[in-house]
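# Coordinate inspection notes
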Amino acid sequence: MFLRRGQTFRDLNSLSGLVLFAFAASHLLNHAIGLVGLEAMYEVQQWRWAVTRSALGTLVLAAALATHVAYATAATLRRATLRLPRWELAQLASGVLIPLFLLPHIVETRGAHLLAGTQDSYLYVLARLWPGAAFLQAVFLLLVWGHGCLGLHHWLRRSPRYRAMLPALLFLAVAVPVAALAGFMVSGRAVAALIEAPEAAARVKAATGWPDEAQASTIETYRLGVRLVALAALTLLGAAVALGMGRGLGARIAVDFVGGPQVRAAIGGTLLEIGRAHGVPIASACGGRARCTACRVRIDAGGEGLPPPALPERLALAAIGAPEDVRLACQIRPRENLSVTRLVRRSGDVAGSSGGDEAEAAGLQRPLAVLAVDLADLAPVTAGRLAYDVVFILNGFLAGVGAAIEENSGWIARVQGDELIAVFGRRHGADEGCRQALAAARAIDLALEPLNARLEAELGAALGVAMGLDVGDLLVGRFGYGPAPGLAVIGAPLDRARGLKVVARSRGLQLVASADAARLGGWPEGTGARLSAFLAGRTEAGEAIGLRHGRELKAAQAAGPVSQKARIPV
């Protein structure tokens, strides 16, 4: 994962963030042990110190902190606007505030240990913090944890594995700080009660090597000093950012976004920042780090004034096979007039768009389950009927099938005539997607029953349905031309699912699933007939399994009874 696109500094920043987040997580979990007791907190703290206060541990933490601060400072200095998405603003604000809490806390704990030989265990720290400084300490805890969680989420959000684990990780993201604050409160009250008597307080001070008055004065001076240094550094950083944003105000360029608008912007910012500063929507899923390619644009005019792509941008564009006139808006800093076409619409910019986020719109390859569905033997049912009746029957069929798909967490990627292509597993992975697809197949069979009862009574014929199910890597992206290109999927599994649907129709079956999809979906043992079929993209016959009726799938493996929505109108 690291150094995968030549972004050495950025990947080192991500690695340093992971190190710091692991340290913070262990620290908070140690706080949570306070719910058990002070002795347990102390024991766990000794294990932590064996790692973090060793020579190697100290070096790694110091290097991680220095790298993270250096990268954040450099990235902030390069900003041409503070008009950012809410998550970036929250991360920037928390990152700015953390040093004001962190540096004095380091002086009061490890500084006291080095300067006065204090045993800065939980007994010492809680005695100093509770209750006077408890609120500020809680704010500090939440700032650090929130900053780390935001960074991790927007770094990993494009990973299918991460998305599948998101509910559990969200629970942990809330549970860890809640437990830490509860442990801090319980243990703080216990220590406050312990040192309430003067004799007990004296024993605690003696046991922890509490700093004497001179040492305490020195420590307090250092605490004030590092806080002033942090404030001065942040003030200088703010001034430098303001100066950078003001640089080039006298020299402005025209940037024409095809389809509107045309803006005049100061030289120095990236095209993404220029767009944000003027309210021009440009998709971006990675925060301008050349990882997602969502901000790609086609250079229509003025490209000769742009420097060639640096290695991170070059590798990112090569990964999607972009032509030479396509660049990343987050990486180019125009110095001359420019005309560009945005190639990816943000998910909120297209009215009626459904499903998918900016990362999907930019193009993602992920394992998904595909269910292809269409009517079989339609001619006997529609022969001799008025066009209105045929349209009514088809729309009723599509409505019932669509409801069955959506109620089993599927997404209808394509509708063409009497055929639907549905995709499952976008949120929770291919395994769950296959289970959902089988549940939808069962629900579709049940939804056909009321309509077929009427058709058989009137015409002596019934609608048949053919379904094919496969699983594999699909490319999800926003494809098309014009103002509202649609989110769609392409890939071999889609063609194989359609091929399995043809096999189902030719053999008088309702559902044929590939062996892989059946296995992942928990296909009931002893159900269905084993088949072999030649499918698109494969030179040998593949294993498959077919069913005469979708309802043969057991409710334990598939969905429960069909709902009222998933009924075809009669």
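The notes below deal with the structure included here. (Residues numbered from 1 in each chain as written. Predicted model: local features only at pLDDT ≥ 70, side-chain atom pairs only at ≥ 80, totals over all residues. Heavy atoms only, no water.)

The helix and strand inventory of the protein chain stands at 17 helices and 13 strands. Looking at the protein chain as a whole, 45% of its 570 residues qualify as buried. Considering only contacts within the protein chain whose residues lie at least 6 apart along the sequence, 73% involve residues at least 24 apart. For the protein chain, the exposed surface amounts to about 27400 Å²; the carbon and sulfur share of it is 61%. (Helix = DSSP H or I, 4+ residues; strand = E, 2+ residues; numbered from the N terminus. Buried < 20%, exposed > 50% of the residue type's maximum accessible area, 1.4 Å probe, protein only. Contact = heavy atoms within 4.5 Å. Areas by Shrake-Rupley, 256 points an atom, 1.4 Å probe, with all protein chains shown as cover.)

Those residues of helix α11 (residues 311-319) lying buried are Pro312, Glu313, Ala316 and Leu317. Mapping the buried residues of α11 onto a view down its axis gives an arc of 125°, with all of them on the same face. Opposite the buried face of α11, at more than 90 degrees from it, the exposed residues are Ala318 and Ala319. Summarising the contacts, the buried residues of α11 are in contact with β4 (326-328). (Arc of directions from axis to C-beta.)

Attention now moves to the packing of aromatic side chains. Using the criterion set out here, one finds 4 aromatic pairs in the structure. Summarising the aromatic geometry, the rings of Phe21 and Trp145 are spaced 4.8 Å apart at their centres and angled 25° between planes, so their arrangement reads as stacked. In this pair, Phe21 sits in helix α1 (residues 8-32) while Trp145 sits in helix α6 (residues 134-156), placing the two residues 124 residues apart along the sequence. Since its relative accessible area comes to 18%, Phe21 is described here as buried. Among the residues examined, Trp145 registers a relative accessible area of 8% and is labelled buried. Above the plane of the ring of Trp210 lies Lys205, whose end atom (NZ or CZ) is 5.4 Å from the centre. A cation over an aromatic ring shows up here: Arg426 above the ring of Trp411, its NZ or CZ 4.3 Å from the ring centre. (Phe/Tyr/Trp six-rings, centres within 6.5 Å; stacked < 30°, edge-to-face > 60°. Lys NZ or Arg CZ within 6 Å of the ring centre and 35° of its normal.)

Here 5 strands make up an open sheet; going across it, the order is β2-β1-β5-β3-β4 and the pairing mixed. The open sheet has two edge strands, β2 (262-266) and β4, and neither has a second partner. For this sheet the average axis-to-axis angle between neighbouring strands, irrespective of direction, equals 40°. For strand β3 (residues 296-301) and β4, the ladder comprises 3 bridges, and the chain directions are antiparallel. In the strand pairing of β4, Arg296 is matched with Leu328. (Pairing = 2+ DSSP bridges. Axes fitted to C-alpha atoms, helices over the stretch in contact; angles between N-to-C directions.)

Right, let's get into unusual backbone geometry. Apart from glycine, the bulk of residues carry a negative phi angle, and the bulk of peptide bonds sit in the trans form. Cis peptide bonds are those with omega within 30 degrees of zero, and the linkage from Trp130 to Pro131 qualifies with 0°. With a phi close to 65°, Ser409 is a non-glycine residue in the positive phi region.

Core analysis: the biggest nonpolar cluster contains 36 residues, and Leu371, Phe397, Ile444, Leu469, Leu511 and Trp523 have the highest contact counts within it. Of all the elements in the fold, those that place two or more residues in this core are β6 (364-376), α14 (387-406), β8 (419-424), α15 (430-459), β9 (464-479), β11 (511-514), α17 (515-520) and β13 (542-547). For this core, the element with the most residues is α15, which contributes 10 residues. In this structure Leu371 touches Leu420, Ile421, Ala422, Phe424, Ala437, Ala440, Ile444, Met467, Gly468, Leu469 and Leu511, once residues within four positions along its chain are discounted. Membership of the second largest hydrophobic core comes to 25 residues, among which are Ala290, Val326, Cys330 and Leu338. (Core = buried A, V, L, I, M, F, W, Y, C linked by side-chain atoms within 4.5 Å.)

Quick look at the environment of Tyr71 now. Mapping Tyr71 onto the fold places it in helix α3 (residues 55-77). Linking Tyr71 and Leu12, residues 59 residues apart in sequence, is a C-alpha distance of 9.0 Å.

Of the pairings in the sheet, the one linking β3 to strand β5 (residues 338-342) comprises 4 bridges and is antiparallel in character. Paired with Ala301 across the bridge in β5 is Ser339.

All right, on to the environment of Val476 then. Note on placement: Val476 falls in strand β9. By relative accessible area, Val476 is classed as buried at 0%. In sequence terms Val476 and Gly491 are 15 residues apart; their C-alpha atoms lie 9.0 Å from each other.

Taking 1.5 Å per residue as the helical rise, helix α16 (residues 492-506) with its 15 residues ought to reach 21 Å, and the 21 Å between its terminal C-alpha atoms agrees with that figure. Turning to α16, its buried residues are Pro493, Leu494, Arg496, Ala497, Leu500, Lys501, Val503 and Ala504. (Expected span 1.5 Å × (residues − 1).)

Glancing now at the packing of helix α4 (residues 86-116) against helix α5 (residues 122-129). Where α4 contacts α5, the axes come no closer than 11 Å and their chain directions differ by 135°. What the angle tells us is that α4 and α5 run oblique. As for the relative orientation of α4 and α5, their crossing is right-handed in sense. Residue-level contacts link Glu108, Thr109 and Ala112 of α4 to Tyr124, Val125, Arg128 and Leu129 of α5. Split by residue class, the contact of α4 with α5 holds 4 nonpolar, 1 polar and 2 charged. (Parallel < 35°, antiparallel > 145°, perpendicular 65-115°, else oblique. Left-handed = near helix turned anticlockwise from the far one by under 90°. Nonpolar A, V, L, I, M, F, W, Y, C, P; charged D, E, K, R; others polar.)

Among the 6 residues in β8, 6 count as buried, and that is most of the element. With burial as the criterion, each face of β8 is covered, one bearing Glu419, Ile421 and Val423 and the other bearing Leu420, Ala422 and Phe424. Here strand β7 (residues 411-416) runs beside β8; their pairing, made up of 5 bridges, is antiparallel. The partner of Arg414 across the bridge, within β8, is Ile421.

With that out of the way, let us pick up the packing of α4 against α6. At a minimum axis separation of 9 Å, α4 and α6 run at an interaxial angle of 140°. Classified by the angle between their axes, α4 and α6 sit oblique to one another. Once α4 is placed against α6, the crossing between them reads as left-handed. Residues Trp87, Ala90, Gln91, Ser94, Gly95, Leu97, Ile98, Phe101, Leu102 and His105 of α4 lie in contact with α6, whose contacting residues are Leu136, Gln137, Val139, Phe140, Leu143, Val144, His147, Leu150, Gly151 and His154. Residues that form the contact of α4 with α6 fall into these classes: 12 nonpolar, 8 polar and no charged.

Right, let's get into the environment of Leu475. Structurally, the position occupied by Leu475 is in strand β9. Judged by relative accessible area, Leu475 falls into the partly exposed class, the value being 31%. Sequence spacing of Leu475 and Leu368 is 107 residues, and the spatial spacing of their C-alpha atoms is 9.5 Å.

Under the counting rule described, the total for this entry stands at 15 salt bridges. In this structure, Asp120 and Arg53 form a salt bridge, with 2.5 Å as the shortest nitrogen-oxygen distance. Separated by 67 residues along the polypeptide, Asp120 in the loop between α4 and α5 and Arg53 in the loop between α2 (38-52) and α3 bring together distant segments of the chain. The class of Asp120 is buried, set by a relative accessible area of 3%. Residue class for Arg53 comes out partly exposed when judged on its relative accessible area of 24%. Across the pair Asp470 and Arg496 runs a salt bridge, and its minimum N-O distance is 2.6 Å. (Salt bridge = Lys/Arg side-chain N within 4 Å of Asp/Glu carboxyl O.)

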